Amino acid sequence: MVVSPKRITIFSDGGARGNPGPAAAGVFLEIPAEKLRLLCGKYLGINTNNYAEYQGVILGLKQALNFAEPGRAQVEFFLDSNLVVQQLNGLFKIKAPNLGPLVEQIRELEGKFTQVSYTHVPREKNYQADRAVNLTLDSRQDFSKEIE
């Protein structure tokens, strides 16, 4: 019997208040088949918006691994950063030296899934991940909670 891979949807975001400034990454993860919805945030100290956006992808991939066996899940990302989407899809070059190691980490994490895709969405469609960023920036503390 062939079991189809689990589908995981992730909306991720990152932001800094000032650039650089206090920064955070946020993720809204959903596994429709299991009716699971998770909101997560990670405080990043003083960093840039782009650094925070990449950390949002890393946070999403790490959270997804908590709910899927390696090699048994397809992950679909939605981000409101067109730059990060185009860079991760290989269409734009990554010029900032501090982002290279983050992309390497992302590529390593991607290898634990059957497929990972990145799609750009307007900011208003990414409100849950944006909310996680702002909650994290307000509290300056990491969090993870299931939501209804």
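Residues numbered from 1 in each chain as written. Predicted model: local features only at pLDDT ≥ 70, side-chain atom pairs only at ≥ 80, totals over all residues. Heavy atoms only, no water.

Enquirer: Report on the pairing of strand S2 (residues 21-31), specifying residues and quantitative values.
Expert: Burial within S2 is extensive, with ten of its eleven residues counted as buried. Sheet topology places strand S1 (residues 6-16) next to S2; eight bridges connect them, and they run antiparallel. Within S2, the position partnered with glycine 14 by the bridge is alanine 25. Taken together, S1 and the strand that follows it, S2, pair antiparallel across an intervening segment of four residues, in which glycine 18 is found at a positive phi of about 100°. Pairing of S2 with strand S3 (residues 36-47) involves eleven bridges; the strand directions are antiparallel. When the sheet's bridge partners are listed, valine 27 is paired in S3 with cysteine 40. (Buried < 20%, exposed > 50% of the residue type's maximum accessible area, 1.4 Å probe, protein only. Helix = DSSP H or I, 4+ residues; strand = E, 2+ residues; numbered from the N terminus. Pairing = 2+ DSSP bridges.)

Enquirer: Residue-level account of the sheet that holds S2, with values.
Expert: Pairing is mixed across the open sheet formed by six strands, whose spatial order is S5-S4-S1-S2-S3-S6. Looking at which strands have only one partner, the edges of the open sheet turn out to be strand S5 (115-120) and strand S6 (143-146). The mean inter-strand angle of the sheet, taken between neighbouring strand axes irrespective of direction, is 20°. Those strands touched by helix H1 (residues 49-65) are S1, S2, S3, strand S4 (73-79), S5 and S6, and its axis lies near 155° from that of S1. (Axes fitted to C-alpha atoms, helices over the stretch in contact; angles between N-to-C directions. Contact = heavy atoms within 4.5 Å.)

Enquirer: Describe in detail the pairing of S4, supporting the description with residues and values.
Expert: In terms of burial, S4 is largely enclosed, as six of its seven residues are buried. Here S1 runs beside S4; their pairing, made up of seven bridges, is parallel. Looking at the pairing, lysine 6 lines up with alanine 73 of S4.

Enquirer: Hey, could you go over the nonpolar core for me, with residue numbers and the actual values?
Expert: As a rule of thumb, soluble globular proteins bury nonpolar side chains together. Membership of the largest hydrophobic core comes to 36 residues, with the highest contact counts inside it found for Ile8, Leu29, Leu61, Phe77 and Tyr118. Elements supplying a minimum of two residues to this core: S1, S2, S3, H1, S4, helix H2 (82-88), helix H3 (100-110) and S5. Sorting elements by how many residues they give to this core places H1 first, with eight residues. For phenylalanine 77, the residues in contact, after removing those within four places along its chain, are Ile10, Ser12, Val57, Gly60, Leu61, Val116, Ser117, Tyr118 and Thr119. (Core = buried A, V, L, I, M, F, W, Y, C linked by side-chain atoms within 4.5 Å.)

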